Amino acid sequence: MTRWLEALGDKVFLWMTNMGKVLMFLLQTVRWATGRPFYLKNLFKQMEQIGVNSVPVVLTTALSTGMVLALQSYTGFKRFGATSLIGAVVSLSMTRELGPVLTGLMVAGRAGASMAAELGTMKVTEQIDALATLATNPIKYLVVPRFLASIIMMFFLTALGVFIGIVGGYFVGVKVLDTNPVVYINQSIDNTKVSDIWYGLIKSLVFGAVVGLIGCYKGFTTEGGAEGVGKATTGAVVVSCMLILVLDYFLSALLW
Amino acid sequence: MSMIEIINIHKHFGSQHVLRGVNLAVEQGESMTVIGGSGSGKSVLIKHIIGLLFPDRGQVVVDGQLVNKLDEQGLNELRKKFGMLFQGAALFDSLTVWENVGFALKQHSKHSAKEIRAIATEKLALVGLKGVEDKMPAELSGGMKKRVGLARAIAMGPAIILYDEPTTGLDPIMADAINDLIIDLRKKLGVTSVTITHDMHSAYKISDRIAMLYKGEILEVGTPDEIRKTDNPIVHQFITGSAVGPITAE
């Protein structure tokens, strides 16, 4: 029993230590995000890598989710004659919940992993130390552009994902399941407030920060060659996804 | 006053006591080489000089400035006086050769891209490389990477150059070419240099003085001739590369 408690204590202590380190990393990133020089070229490059290159995977996920959501809602709602509400269900689910969460998870898997792998390789090959010896702050040069690009692009990717998901739902609801298009659209608009859209987009900003922060932190703390880079990459995806799911609940509770 | 003074520094990593009270002084224009086996703390020591690591105890003084008390800006200003050649060259993968060499100039000078390229080309010529400006680091051989790393280290006209295992991983001829380059650069630029290596041929050739680091402590400091004639059995075993003696392979 004592040994079990000790092991548990060690785990909790390690977890708290790591959380403290991530928090310190975040504070440093925020500190270095202000003031010159601004590495705008790096920022735009990262916006392309994190944002533009993630468009296909986000589009596919959002389209598929919107379509499946319409199909599943139809099956359930038909049992008590509420098929007119499919549009509202798809629209609300995509804006408040599925749009930001699925986009967050997809970007964590694609861009977060890539960030951790790239920075991890730079760390183990001493490129990050080399940057410092060239009197360039590695957090300002490498982390800040990735962190900001991740937040900015998650916002736009989520907006795109929500829109495409709703289009997918409309296509299945109206064209495949033959519900009334006017009713579908009216129900969608009547039941979705502007605040619902904003809630989803606020979530996306937080998820963007999570993906950027964890991807960079895992890269910067990589140790031990190729194996270390592999672990950092996996760690970045797992931790980002877990944090997105946990924070999603608290943000939903807070923004409800 | 010495250009670099390392005063009784201690460094721990977790429970590992890596540096155990290291004292070393490097004079202006001197070429000091720190020798020692793998895991003796050589890399940790050199990283303290440029402020990549900070001691738990003790002081590092460079050009009259206490490195471990400098703020970020002060540290960056100090680092502009340094050039550092890394063991694996540490070239930035995503930049071309000339962009690597001109990196610090781009960050800290008002030169145009064209001027930076011209300076990079000149520095590359100084290390014996021509026509590689637009190549990516992945297209270069190990020896070429080291030369580009060296060109990057001297791009800002440093007062001090740190060499981390400059000849490791190179064939003997390329290793000797790098040794000649180090000597040549010192003659041309008059820099102070600190090299860490376990290559004794290189140490004898490039050094004014050699210091032996063993288990986190400096055992002996002397000219190459003095080191050759050492009475210390540990230093003697290391410089002769013998498997028999007080140092055991771990």
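Nothing here was measured: the structure is a model prediction, and the numbers come from that model. Along each chain, residues carry numbers from 1 onward, in the same order as the chain's sequence is written. Labels follow written order: the first chain is A, the first ligand is 1, and so on. Selection of residues for local features in this predicted model requires a pLDDT of at least 70, selection of side-chain atom pairs for listing and counting requires 80 or more, and totals for whole chains, interfaces and linings are taken over all residues.

Q: Even after reading the chapter, I still don't get the overall build of chain B, so can you show me in this structure?
A: The helix and strand inventory of chain B stands at 10 helices and 10 strands. In this treatment the radius of gyration is a C-alpha quantity, and the globule benchmark scales as 2.2 Å times the residue count to the 0.38 power. Over its C-alpha atoms chain B spans a radius of gyration of 18 Å, differing by no more than 12% from the 18 Å that the globule rule assigns to 250 residues. Projected onto the principal axes, the alpha-carbon positions of chain B cover approximately 55 × 40 × 35 Å. The burial label depends on the number of other C-beta atoms within 10 Å of a residue's C-beta. Counts of 20 or more mean buried, 12 or fewer mean exposed, and intermediate counts mean partly exposed, with C-beta atoms placed from the backbone. Here chain B holds 250 residues, and 44% of them are scored as buried. Two residues qualify as a contact pair if the distance between their C-beta atoms, derived from the backbone, is within 7 Å. Put simply, of all contacts in chain B between residues at least 6 apart along the chain, 62% involve residues at least 24 apart. Each helix corresponds to a stretch of at least 4 residues labelled H or I by DSSP, and each strand to a stretch of at least 2 residues labelled E; elements are numbered beginning at the N terminus.

Q: What is the right way to look at the sheet that holds strand β10 (residues 217-222) of chain B in this model?
A: Backbone-to-backbone hydrogen bonds join strands into a sheet, with any given pair of strands oriented parallel or antiparallel. Residue and element names in this part refer to chain B. Reading across the sheet, the six strands line up as β6-β7-β8-β3-β9-β10 and stay open at both edges, with mixed pairing between neighbours. What marks the edges here is a single partner per strand, and that holds for β6 (82-85) and β10. Averaged over all pairs of adjacent strands, the angle between their axes in this sheet comes to 15 degrees, without regard to strand direction. Pairing of strand β3 (residues 31-35) with strand β8 (residues 192-197) involves five bridges; the strand directions are parallel. Residue Val34 lies in a different strand from β8, and its bridge partner there is Ile196. Strands β6 and β7 (160-164) of the sheet are contacted by helix α6 (residues 142-154), whose axis makes an angle of about 170 degrees with β6. When DSSP locates at least two bridges between a pair of strands, those strands are taken to pair. Every angle, taken between N-to-C directions, lies between 0 and 180 degrees, and every axis is a line fitted to C-alpha atoms, over only the stretch in contact when it is a helix.

Q: What is the right way to look at the interface of chain B and chain A in this model?
A: Interfaces are often sized by the amount of accessible area the parts lose when they come together. Taken residue by residue, the interface counts 16 residues in chain B and 11 residues in chain A. If you list the elements that add at least two residues to the side of chain B that touches chain A, you get α2 (72-79), β6 and α4 (103-108) of chain B. Of the residues forming the side of chain B that touches chain A, the biggest block, four residues, is contributed by α4(B). Grouping the constituent residues of the side of chain B that touches chain A by class yields nine nonpolar, four polar and three charged. Side-chain classes follow a simple rule in which Ala, Val, Leu, Ile, Met, Phe, Trp, Tyr, Cys and Pro form the nonpolar group, Asp, Glu, Lys and Arg form the charged group, and the remainder, Gly included, forms the polar group.

Q: Got a minute to help me understand the pairing of strand β1 (residues 4-13) of chain B in this structure?
A: Side chains on a regular strand alternate between the two faces of the sheet. Residues and elements named next belong to chain B. Here β1 pairs with strand β2 (residues 16-26) via eight bridges, running antiparallel. Across the sheet, residue Lys11 finds its bridge partner in β2, namely Leu19. Adjacent in sequence and paired antiparallel, β1 and β2 are bridged by two residues, among which Gly14 carries a positive phi angle near 65 degrees. Bridge count between β1 and strand β4 (residues 57-62): five bridges; the pairing is antiparallel. Opposite Ile6, over in β4, you have Val60 as the bridge partner.

Q: Help me understand the confidence of the model for chain B, please; the structure alone is not making it clear to me.
A: Parts of the model with low pLDDT should not have their predicted coordinates read in detail. All names here are of chain B. The predictor reports its confidence for every residue as pLDDT, a score running from 0 up to 100. Averaged over chain B, the pLDDT score is 91; the fraction of residues at 70 or greater is 99%. Per-element mean pLDDT across chain B ranges from 86 in helix α7 (residues 172-189) up to 96 in helix α3 (residues 97-101). Both scores are given for the predicted complex: the pTM is 0.89, the ipTM 0.90.

Q: How should the pairing of β4(B) be read in this particular structure?
A: All names here are of chain B. With two bridges connecting them, β4 and strand β5 (residues 65-66) associate as antiparallel partners. Residue Val62 lies in a different strand from β5, and its bridge partner there is Gln65. Linking two consecutive strands that pair antiparallel, namely β4 and β5, is a turn of two residues; a positive phi of about 50 degrees is found at Asp63 within it.

Q: Would you take a moment to explain the environment of A:Ala88 for this structure?
A: With respect to the element layout, A:Ala88 can be found in helix α4 (residues 86-124). Sequence separation between A:Ala88 and A:Val183 is 95 residues, and the spatial gap between their C-alpha atoms is 10.0 Å.

Q: Help me understand the domain arrangement of chain B in this model?
A: Residue and element names in this part refer to chain B. For each domain, the first and last residues come from an automatic or database assignment. By the assigned domains, chain B splits into domain 1 (4-81 + 158-240) and domain 2 (92-151). Each of domain 1 and domain 2 has a C-alpha centre, and these two points are 25 Å apart. On the side of domain 2, six residues touch domain 1, which itself brings seven residues to the contact. Tallied by class, residues from the side of domain 1 that touches domain 2 come to five nonpolar, one polar and one charged.

Q: I keep staring at unusual backbone geometry and nothing clicks. Help me out?
A: Across residues other than glycine, the phi torsion is negative in most instances, and most of the peptide bonds are trans. Residue and element names in this part refer to chain B. Backbone geometry at Ala90 places phi at a positive 55 degrees, although glycine is not the residue there. Here Ala90 shows up in the loop between β6 and α3. Judged by local crowding, Ala90 falls into the buried class, with 24 C-beta atoms found within 10 Å.

Q: Help me out: how do you make sense of the environment of B:Arg209 in this one?
A: Residue and element names in this part refer to chain B. Along the chain, the position of Arg209 falls in strand β9 (residues 209-214). A count of 19 C-beta atoms within 10 Å places Arg209 in the partly exposed class. Placed 15 residues apart in sequence, Arg209 and Pro224 show a C-alpha to C-alpha distance of 6.1 Å. Sequence-distant contacts of Arg209, that is, excluding residues within four places in its chain, are made with Glu30, Met32, Val221, Gly222 and Thr223.

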